[in-house]
Amino acid sequence: TLKIVTLGGGSGYTPELIDGFIRRYAELPVSEFWLVDIAAGEEKLKIVGALAQRMVKKAGLPMTVHLTTDREAALRNADFVTTQLRVGQQEARIHDEAIPLKYGVLGQETTGAGGFMKAQRTIPVLLDLCRDMERLCPDAWLINFTNPAGIVTEAIEKYSSIKTLGICSGANSMMMDIAKVYDVGREDVYARVMGLNHLIFADQIAVKGHDVTAEFIEKLAQGNGQNQLKNIPDTGLPPAFIRALGLYPLSYLKYFYLQREMVAHSVKDSQTHGTRGEQTREIERQLFEIYKNPQLESKPKELESRGGAYYSDTACSIISAIYNNKQEIHVVNTLNRGATPDLDENSVVETNAMIDRQGAHPLAYGRLPVKIRGLIQSVKAFEELTIEAAVTGDYSTALMALSVHPLMPSVNIAEKILDEYLAVNRPFLPQY
Ligand code: G6P
Ligand code: MN
């Protein structure tokens, strides 16, 4: 038997995940798939869970899909636990994004202040899940998609004994973009990845084994193949800068390299279309209307308007690599352990790693190029302080976390944002 448990089972992403398991059934024969949610999410769990059951039935597979709010029952004897939960739901995200924007500071789900706040709500919940896993399924793997994925994964590594990997759709979307530009399959593309979650750079880009890095960077400079995650506005980096950088940056890097433009864009966008959280709340509402249709038996096209589209390719292929001891290379969030000497051994980084039954074995790439080193190290300092604040609930640590972030223009503003954040998030912050 192979038992998979998904926390946040009522999420709109569930059809994405189950689709991934259905497609990989031959190599990953999931016998029990448990979707777990809290009481407040039960209605959504029933709707999306029923769709998951129809999808499995349509595929004719002997997989049972359980829907439950009983986390203990679900976790007992689990082999893999995956998370896609959102503490405080879209409402909390909307505050995370709207509050910094009032002060002309980036308001984004995972980058900058928003990522700090999301971590404060999420880390205690994930560590509590780990306590349950330590009791009920101590050998299970925790595959975490809950953002900020890199930060959450580091907290789990530091404060629990559970085996874990953090996952993100970002690197895969970059590889898919390269594949599209060269009109080849995703499996024909390989690139080396350096940095942290939502802060990665690729180099040594190979298509069918041939290095195309310089050529691809030139295509990027000319405006072809710009990595476009659906959740990030299309504001191009200047060609001269792309050539100077010589690396392929994930779209999230635009928040750093085009700070002014991206904040201005977000402010304008929030006034016309609402914040991204308001937009995704509406997309979710529409998705659930679609999911309710009893004729629907597959993942609908509309899911592609979410940034995490195709995330199951990452999640399921990594689970399969562990389960089948594949010794395959994937991009994951895991402890540095020498991937680069420019970050602490015990920092979680996003890196290529060989994945087998033991988990991730990061591939060393040596020093971070000086042009990206400082940025990555500053964001890591922010991440460390963010984790410490989330665990201790210490105000000074929280203030320092926000203050050291490269996108924070003034410590006065950091203090104001923090105070507003703490006030609206009261119900989700037992540690403060
Ligand atoms: C990307 C990121 C995910 C994030 C998503 C947000 O895919 O890798 O970590 O959750 O975008 O998309 P959304 O549709 O929620 O704005
Ligand atoms: Mn991500």
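Residues numbered from 1 in each chain as written. Chains lettered and ligands numbered in written order. Predicted model: local features only at pLDDT ≥ 70, side-chain atom pairs only at ≥ 80, totals over all residues. Heavy atoms only, no water.

Student: Sorry, what's going on with the layout of surface pockets here?
Tutor: To find the voids left in a structure, one rolls a probe of water-molecule size over its atoms. By volume, the largest pocket is sized at about 810 Å³. Considering the residues around the largest pocket, the lining is formed by 42 residues, among which S11, Q84, L85, R86 and V87 are closest to the centre. Elements supplying a minimum of two residues to the lining of the largest pocket: α4 (89-102), α5 (113-136) and α12 (276-291). Considering only residue class, the lining of the largest pocket consists of 14 nonpolar, 18 polar and ten charged. (1 Å grid on protein atoms, 1.4 Å probe; cavity = no way out; pocket = protein on both sides within 12 Å on 5 of 7 lines; lining within 4 Å. Points joined across faces, edges and corners; volume = space filled by probe spheres on them. Helix = DSSP H or I, 4+ residues; strand = E, 2+ residues; numbered from the N terminus. Nonpolar A, V, L, I, M, F, W, Y, C, P; charged D, E, K, R; others polar.)

Student: Got a minute to help me understand the coordination of the manganese ion (ligand 2) in this structure?
Tutor: Ideal geometry at a metal centre: 109.5 degrees between donors when four sit tetrahedrally, and 90 or 180 degrees when six sit octahedrally. Protein-derived coordination of the manganese ion (ligand 2) comes from C168 (SG) and H198 (NE2), at a distance range of 2.2 to 2.3 Å. Here the residue C168 occupies a position in the loop between β6 (163-166) and α7 (170-182), and H198 occupies one in the loop between β7 (189-196) and β8 (199-207), the gap between them amounting to 30 residues. When sorted by exposure, C168 lands in the same class as H198, which is buried. (Donors = N, O, S within 2.8 Å, 3.2 Å for Na, K, Ca; no water. Buried < 20%, exposed > 50% of the residue type's maximum accessible area, 1.4 Å probe, protein only.)

Student: What's the story with the nonpolar core in this structure? I'm lost.
Tutor: Buried together is how nonpolar side chains tend to be arranged in soluble globular proteins. By size, the foremost hydrophobic cluster in this structure holds 93 residues, and its most contacted members are V81 and F116. Looking at this core element by element, the count peaks at eleven residues for α5. Residues within four places of F116 in sequence aside, it is in contact with F382, T386, A389, A398, A401, L402, L418, Y421 and Y432. (Core = buried A, V, L, I, M, F, W, Y, C linked by side-chain atoms within 4.5 Å. Contact = heavy atoms within 4.5 Å.)

Student: Help me out: how do you make sense of the site of ligand 1 in this one?
Tutor: Looking at ligand 1, there are 15 residues lining it, with N147, S169, R276, R306 and G307 nearest. Here N147 contributes a side-chain N or O atom positioned 2.8 Å from an oxygen atom of ligand 1. One nitrogen or oxygen atom from the main chain of G307 is found 2.4 Å from an oxygen atom belonging to ligand 1. About the coverage of ligand 1: the protein hides 98% of its 390 Å² of free accessible area. Of the pockets mapped on this structure, ligand 1 occupies the largest pocket. Looking at the shell around ligand 1 residue by residue, the class counts come to three nonpolar, eight polar and four charged. (Near = heavy atom within 4 Å. Polar contact = N/O pair within 3.5 Å; in protein donor to acceptor, adjacent residues only side chain to side chain. Areas by Shrake-Rupley, 256 points an atom, 1.4 Å probe, with all protein chains shown as cover. Sits in = over half its atoms within 2 Å of the grid points.)

Student: Would you mind going over the environment of H405 with me for this structure?
Tutor: Tracing the chain through its elements places H405 in the loop between α15 (395-404) and α16 (411-424). Between the C-alpha atoms of H405 and F382, which are 23 residues apart in sequence, the distance is 5.6 Å. Filtering out sequence-adjacent residues up to four positions away, H405 remains in contact with G112, F256 and F382.

Student: Which parts of the structure should I look at to understand the packing of aromatic side chains?
Tutor: Here a ring pair, both rings aromatic, is described through the centre-centre distance and the interplanar angle of the planes. Tallying each qualifying case throughout the model produces nine aromatic pairs. Seen from their ring centres, F21 and F33 are 5.4 Å apart, and the 65 degrees between their planes marks the pair as edge-to-face. Remark: F33 occurs in strand β2 (residues 32-36) and F21 occurs in helix α1 (residues 14-23); sequence separation between them is twelve residues. Of the two residues, F21 and F33, neither departs from the other in class, the shared state being buried. Centroid distance Y252 to Y255: 6.1 Å. Interplanar angle 65 degrees. Geometry classified as edge-to-face. The same class applies to Y252 and to Y255, which are both buried. The ring of Y182 carries K219 above its face, with NZ or CZ at 5.5 Å from the centroid. (Phe/Tyr/Trp six-rings, centres within 6.5 Å; stacked < 30°, edge-to-face > 60°. Lys NZ or Arg CZ within 6 Å of the ring centre and 35° of its normal.)

Student: Whenever I open this one, a negative patch on the surface confuses me. Can you help?
Tutor: Taken together, D344, E345, E384, E388 and D394 make up a surface patch of like negative charges. The exposure class of D394 is partly exposed, given its relative accessible area of 34%. (Patch = residues over 30% accessible without salt bridge, like charges linked within 9 Å, V, L, I, M, F, W, Y side chains within 5 Å. Salt bridge = Lys/Arg side-chain N within 4 Å of Asp/Glu carboxyl O. Lys, Arg positive; Asp, Glu negative; His and termini not counted. Charge placed at Lys NZ, Arg CZ, Asp CG, Glu CD.)

Student: In this structure, what is going on with the pairing of strand β5 (residues 141-144)? I would like to understand it.
Tutor: For a regular strand, side chains alternate in direction, first toward one face of the sheet and then toward the other. What you see with β5 is no split at all: W141 and I143 on one side and L142 and N144 on the other are buried throughout. Pairing geometry for strand β4 (residues 80-83) and β5, over four bridges, is parallel. Its bridge partner lying in β5, T83 is registered against N144. A crossover links β5 with its parallel partner β6, the connecting element being helix α6 (residues 149-159), and its sense is right-handed. (Pairing = 2+ DSSP bridges. Right-handed = clockwise from strand over helix to strand, strands pointing away.)

Student: I'm lost on a nonpolar patch on the surface in this one. Help?
Tutor: A cluster of nonpolar side chains, Y190, I329 and L363, forms an exposed patch at the surface whose accessible area comes to about 230 Å². Residue placement: I329 occurs in strand β11 (residues 328-335).

Student: I'm lost on helix α8 (residues 213-221) in this one. Help?
Tutor: Every α-helix carries 3.6 residues per turn, so stepping three or four residues along brings you back to the same face. Along α8, the residues classified as buried are T213, F216, I217, L220 and A221. Looking straight down α8, one finds its buried side chains confined to an arc of 145 degrees; they lie on one side. Tucked into the core, α8 has its buried residues touching α7, β8, β9 (210-211), α9 (239-245) and β10 (248-249). With its phi angle positive at about 90 degrees, G223 sits one or two positions after the end of α8. (Arc of directions from axis to C-beta.)

Student: Honestly, empty space enclosed by the protein in this entry has me stumped. Any pointers?
Tutor: One pass over the structure, following the stated rule, counts four cavities of 30 Å³ or more. By volume, the largest cavity is sized at about 130 Å³. In terms of lining residues, the largest cavity is bounded by 14 residues, among which T110, T111, N197, V379 and E383 are the most central. At the level of secondary structure, the elements contributing two or more residues to the lining of the largest cavity comprise α6 and α14 (370-392). In this structure, the second largest cavity occupies an estimated 40 Å³ of space.

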